[in-house]
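Commentary on secondary and tertiary structure
Listed below are the residues making up each chain.
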Amino acid sequence: MSAQLHIVDHPVIQHKLTFMRRKDTPTQLFRALLEEVSMLLAYEVTRDLPVVHETIETPLMSMQAPILEGKKLALVAVLRAGLGMVDGMLKILPSARVGHVGLYRDEETLQAVEYYFNLPEGVENRLLLIVDPMLATGGSAVAAVRRIKETNPGSMKFVCLLAAPEGIRYFQEQHPDVPIYTAAVDESLNEQGFILPGLGDAGDRLFGT
Ligand code: PRP
């Protein structure tokens, strides 16, 4: 496994993911579970954030206590399905800014087409967490990160729920400098570019379309 691929196989995440995969899980529950899993992923993705120490007073004495270094964070949701990960992550990272990249996957060519792009100010000094539940062919993620790189961000991590081996390979080929965090790596893709066994179309399941 590449050092740039992190599989967050925590049993609580795996349990929730199983319920998301089940075809009889309704939209409301799917949405709630995606939020919960995203919160847990945010915890793992930020494990290596640097801390600095400052002097504080406890009720008993003073001490040098750690706080997160001033590095600013931003979440960047790949629309639409990435929206489903933002609220959960904001629970852990309440002061993060949020950007949006609108991409849809042309169902015939499987190519990503951009329709919206808006990032917070000062990306040069931020760690950007790019969020999209699915890394299938990798086309959307590769295009999103390529477009974001044009703005010269401080650093990036790509965070998803499910990844296919094909998408991981393609992403790592194109963006070897950007680590991938995923809750699971599935078996393969079908001819339509859906992850197998997967969970279906995350956007449709999230929004009930
Ligand atoms: C899905 C998913 C990813 C993309 C993954 O989005 O949310 O963005 O496909 O596929 P890829 O790795 O092959 O590019 P979709 O295009 O269905 O748009 P949506 O989020 O608006 O539903």
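The following refers to the structure shown. Everything numeric here is computed off the predicted structure, so don't read it as measured data. (Residues numbered from 1 in each chain as written. Predicted model: local features only at pLDDT ≥ 70, side-chain atom pairs only at ≥ 80, totals over all residues. Heavy atoms only, no water.)

Quick look at the pattern of salt bridges
Throughout the structure, instances matching the rule amount to ten salt bridges. Across the pair Glu35 and Lys91 runs a salt bridge whose closest N-O atoms are separated by 2.4 Å. Of this pair, Glu35 sits in helix H2 (residues 27-45) while Lys91 sits in helix H3 (residues 83-92), and the two are 56 residues apart along the sequence. Overall, the relative accessible area of 25% leaves Glu35 in the partly exposed class. A salt bridge links Lys157 to Asp48, with the nearest nitrogen and oxygen atoms 2.8 Å apart. One end of the pair, Lys157, is in strand E9 (residues 155-163); the other, Asp48, is in the loop between H2 and strand E2 (51-57), and 109 residues separate them in sequence. (Salt bridge = Lys/Arg side-chain N within 4 Å of Asp/Glu carboxyl O. Helix = DSSP H or I, 4+ residues; strand = E, 2+ residues; numbered from the N terminus. Buried < 20%, exposed > 50% of the residue type's maximum accessible area, 1.4 Å probe, protein only.)

Re a nonpolar patch on the surface
Together, Tyr104, Tyr115 and Tyr116 give the surface a local cluster of nonpolar side chains, amounting to about 330 Å² of exposed area. Position of Tyr116 relative to the elements: it lies in strand E6 (residues 112-118). (Patch = residues over 30% accessible without salt bridge, like charges linked within 9 Å, V, L, I, M, F, W, Y side chains within 5 Å. Areas by Shrake-Rupley, 256 points an atom, 1.4 Å probe, with all protein chains shown as cover.)

Quick look at helix H5 (residues 165-174)
Of all the residues in H5, the buried ones are Gly167, Ile168 and Phe171. Along the axis of H5, the buried residues cluster in a sector spanning 100 degrees; they form a single face. Facing away from the buried surface of H5 by more than 90 degrees, the exposed residues are Arg169 and Glu173. Check the buried side of H5 and you find it contacts strand E1 (5-7), strand E8 (134-135), helix H4 (139-149), E9 and strand E10 (180-185). (Arc of directions from axis to C-beta. Contact = heavy atoms within 4.5 Å.)

Re the pairing of strand E5 (residues 97-105)
The pairing of strand E4 (residues 72-79) with E5 spans six bridges and is parallel. Across the sheet, residue Ala74 finds its bridge partner in E5, namely Arg97. The pairing of E5 with E6 spans six bridges and is classified as antiparallel. In the strand pairing of E6, Val101 is matched with Phe117. (Pairing = 2+ DSSP bridges.)

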